[in-house]
Amino acid sequence: MSERFASVEDVTDRLAELGYLASPSVATTVFLADRLDKPLLVEGPAGVGKTELARAVAQATGADLVRLQCYEGVDEARALYEWNHAKQLLRITAGRGETWDETRDDIFTDGFLLARPLLQAIRSETPRTLLIDEVDKADMEIEGLLLEVLSDYAITVPELGTLTARHAPFTVLTSNATRELSEALRRRCLFLHIDFPDPELEERIVRTRVPGVDEVLAASLVRVVNALRRIDLRKAPSVSESIDWARTLLALGADTLDEAVVRETLGVLLKHTDDIARARQHLQLDEADVRR
Amino acid sequence: MSEALPARLVAMVEALRGHGLVVGTSETVDAARAMEVLSLADRTLLREGLAASLVRRTGQRRVFDAVFDVYFPLGVGARENDREADAASEPQDSVGSLRDALVDALARGSSQALEDVAASAVEALGQVHGGEGPGASGSGWSARQTLEQLRPQTTIVRALAARGSSEGFVERLDRDEVRRDVERFRALVQTEATRRTAEVRDRDRVARYAVRPDAEQVEFLSASRDQVLELRRTVQPLARRLATRLSARRRRRNRGQVDIRRTLRRSMSYGGVPLSPAYEHRRKARPELVLLCDVSGSVAGFAGFTMLLVQALRDQFSKVRVFAFVNHTDEVTELITSGEADPAALAERIMANANVAPWHPSSDYGRSLRSFVSRYGAAIGPRTSVLILGDARSNHLDPDLDALRDIVGRARRTFWLNPEHESRWGLGDSVAPAYAQVVDMHECRTVDQLSGVVSRLLPV
């Protein structure tokens, strides 16, 4: 059993030192993933810090981050390993006069193996943190592939045998739920849903990330963002948008929110025109135009 | 771990399974290990730990929280500060003082204070007596009774005054935030009442009835206003999920045929050895979709939801046309496309702007189908799939099966989605069985069933 963290508070503290403020649910689940040696499946809206969590854990535990970015059509050759065909062909052509047996034994060795992220993480001499990002974007077949890696931390290469990890990597999978992940994959993981943080936590996050923002501005900014999340929008503003907004306000030198500033900068928070229109209506920004 | 804990955990897992969560033995073992690793001292940590090992997808968390509150309650009986309070005070006084406490809690916006008030309120106002003794059936704690006496919405104005308005721009948010806190207070009262009831009654029974079902399993016809809102929020994610499932299916279909020209071209980099074959892509024609919806009161919610879903999936079809009827059919495609403003007002907009009930306000399927065929018959071609939505309750008027046969004959495929339970088809004024002989009729009571039907309908 690996013990990277001593307790739940320890998780919270060490992540906070790196600027990642974890809610109790995040800290507890990270602690459990460590203790139970299970991969962590993180779901949640875009921009709440799913990928950031993996980075912070990697940094806190001093383990290098290996990242597998999934996309439609990612396959074994991109995720696990690939034989370096070109190099093998060169080797065969170079070794004229050799018997076939010699050549065969030689071209299926480590020197001709291209390790992709999963194999890198498994074979590493030092502990690693493995991030499998946006696993929902990958095809179903990749999930089957992941099962062996996630439950045994092992990869079978037919020509070389089964490679087992020296140090089980701390594994984080993230998903935006564009597709249902298979039950088999879910069962092997601890599940964590990161939602928008509660206002107090978000305020602290904004102030940690954008140190120049004062308390009053951070508080009112978070209140506006929360009000926007409650109305029906195509894309609700996320934590990363709050931070961007704080940065924008800081750059503009605005130390309080007023109608003009909010109207000008709403585009930082919302990415769709109809969302912006709805937000202006909800925040009564249009009335000001009429009055003028 | 003590003896009673595993039993409690297993009972909770049973209750979760009863609510449709798939929890296997290995998850239960994980949960037990989590309990061992985290101490039981901190209830928040325990809740998060169990959730991490038992919950498998995002929508299940609400169900889990409710069940957790029943099996791992905050405490037993009244809370400490309520026991100290004078038990003999008159109910009339306690309503007043509780309201004062609520105003105070709302003004401060503190969750802890809200929770305390909720606990005291249930203790003072919520008790229901039924029969003799604490274990008797019917006795328990009622959230409704508590809320009816307390009427938390009456405190909003006072809370706003007590809170003092914020400076500048954010002032406009005050009222909304207090409202939201009142909603939260209602939920807290509900949780507290469930907790207290679970003590006096059978825990498993309470867990079965006190937990609201998932949005995807709510029946369209009996959905409450809140649930309808929740349903509407699932439209976009559902559409996205359906579209992804579809593109995966398409890809699998296309696999197999080797594109010789591109394979040879590719093999050049390996000295003519075709190491990585290239496959052909087939372009599939996208079908047209015609949606024919009954928008009369009884099934309007279902029709509205399906219209939004189809609208969200419109890029999967070459053309989508939507028609609405009560006793006359009119095209409403425009009204839905321009629906960026507010999906909630969709039903009213259709009623106001489309000619769906020119003579009287009750449903008439026969006449509607006939008017569809005569006015928009050309909308259906050999590549069109037709989707008819409705409960087939035609007020004992002529069903006009010939009109339906006409539609089925022209279209490539026709489906009828009925939001009623199959056992109720044909009862009363329903002519569902007659229509079902002409057209493929599916029971479609929940989002689950709807997404099943729609994904079958989509082109591969």
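> Would you explain the overall build of chain A in this entry?
Each helix and strand counted, chain A has 15 helices and nine strands in total. Taken over the C-alpha atoms alone, chain A extends approximately 90 × 40 × 35 Å along its principal axes. With 292 residues in all, chain A has 38% of them scored as buried. At a minimum sequence separation of 6, the contacts of chain A that also span at least 24 residues come to 75%.

> Is there a simple way to explain the overall build of chain B in this structure?
Tallying secondary structure elements over chain B gives 21 helices and eight strands in all. Residue burial in chain B is summarised as follows: out of 460 residues, 36% are buried. For chain B, the proportion of contacts with a sequence separation of at least 24, taken over those separated by at least 6, is 71%.

> Explain the interface of chain A and chain B here, please?
Reports often express the size of an interface as the amount of accessible area lost when the parts come together. Listed per partner, the contact involves 38 residues of chain A and 36 residues of chain B. For the side of chain A that touches chain B, the secondary structure elements donating two or more residues are α2 (24-36), α5 (85-94), α9 (183-187), β9 (190-193), α11 (215-230) and α13 (259-269) of chain A. Among the elements that take part in the side of chain A that touches chain B, α2(A) stands out by supplying seven residues, more than any other. Of the residues that constitute the side of chain A that touches chain B, the class distribution is 16 nonpolar, nine polar and 13 charged.

> What is the right way to read the nonpolar core from this model?
Among soluble globular proteins, nonpolar side chains are generally buried collectively. Residues A:L40, A:L221 and B:V67 are the most contacted members of the largest nonpolar core, which totals 105 residues. Ranked by residue count, the leading element in this core is α11(A), at seven residues. In terms of nonpolar packing, the next biggest core, distinct from the first, is built from 59 residues, B:L313, B:V332, B:W416 and B:L450 among them.

> Hey, could you run me through the sheet that holds strand β1 (residues 40-43) of chain A in this one?
Strands pair in a sheet through their backbones, by hydrogen bonds, and they do so in one of two ways: parallel or antiparallel. All names here are of chain A. Across the sheet, five strands lie side by side as β2-β5-β8-β1-β9; this open sheet has parallel pairing. Each edge of the sheet is formed by a strand with only one pairing partner; in this case those strands are β2 (64-69) and β9. Averaged over all pairs of adjacent strands, the angle between strand axes in this sheet comes to 20°, irrespective of strand direction. When β1 meets strand β8 (residues 170-175), the two strands line up parallel, connected through four bridges. Bridged to E43 within β8 is S175.

> Mind showing me how you'd approach the sheet that holds strand β3 (residues 288-294) of chain B here?
Residue and element names in this part refer to chain B. Taken together, the six strands give an open sheet; going across it, the order is β5-β4-β3-β6-β7-β8, and neighbouring strands pair in mixed fashion. Each having just a single partner strand, β5 (329-331) and β8 (440-443) make up the two edges of the open sheet. On average, each strand axis in the sheet is tilted by 25° relative to the strand beside it, whichever way the strands run. With seven bridges connecting them, β3 and strand β4 (residues 319-325) associate as parallel partners. Paired with D294 across the strands is F325, a residue of β4.

> Just checking my understanding: could you explain the domain arrangement of chain A for this structure?
Its domain assignment divides chain A into domain 1 (8-74 + 116-193), domain 2 (81-115) and domain 3 (199-291). One C-alpha centre belongs to domain 2 of chain A, the other to domain 3 of chain A, and the line joining them spans 59 Å.

> How do you make sense of the domain arrangement of chain B when you look at a structure like this?
Along its sequence, chain B is organised into domain 1 (4-71), domain 2 (80-207) and domain 3 (236-257 + 284-457). Computed over C-alpha atoms only, the centres of domain 1 of chain B and domain 3 of chain B are separated by 41 Å.

> How should I be thinking about the confidence of the model for chain A in this particular structure?
For residues with low pLDDT, the predicted coordinates do not support detailed interpretation. Confidence in the prediction for chain A averages 86 pLDDT; 97% of positions are at 70 or higher. Per-residue pLDDT stays below 50 along residues 288-292 of chain A; that stretch engages in one contact with residues further than four places along the chain or on separate chains.

> I'm lost on the packing of helix α9 (residues 156-163) of chain B against helix α10 (residues 174-200) of chain B in this one. Help?
Relative orientation and spacing of two packed helices are given, respectively, by the angle between their axes and the distance between those axes. All names here are of chain B. With their axes 10 Å apart at the nearest point, α9 and α10 run at an angle of 125° to one another. Taken together, α9 and α10 sit at an angle that is classed as oblique. Helix-helix and strand crossings are classified by hand; for α9 and α10 the assignment is right-handed. Contact with α9, carried on its side by I156, A159, L160 and R163, involves D174, R175, V178, R179 and V182 of α10 and no other residues of that element. A breakdown of the residues in the contact of α9 with α10 according to their chemical character gives five nonpolar, no polar and four charged.

What counts as what
Residues numbered from 1 in each chain as written. Chains lettered and ligands numbered in written order. Predicted model: local features only at pLDDT ≥ 70, side-chain atom pairs only at ≥ 80, totals over all residues. Helix = DSSP H or I, 4+ residues; strand = E, 2+ residues; numbered from the N terminus. Buried ≥ 20, exposed ≤ 12 C-beta atoms within 10 Å, placed from the backbone. Contact = placed C-beta atoms within 7 Å. Nonpolar A, V, L, I, M, F, W, Y, C, P; charged D, E, K, R; others polar. Core = buried A, V, L, I, M, F, W, Y, C linked by C-beta atoms within 7 Å. Pairing = 2+ DSSP bridges. Axes fitted to C-alpha atoms, helices over the stretch in contact; angles between N-to-C directions. Domains from an automatic or database assignment. pLDDT = per-residue confidence, 0-100. Parallel < 35°, antiparallel > 145°, perpendicular 65-115°, else oblique. Left-handed = near helix turned anticlockwise from the far one by under 90°.

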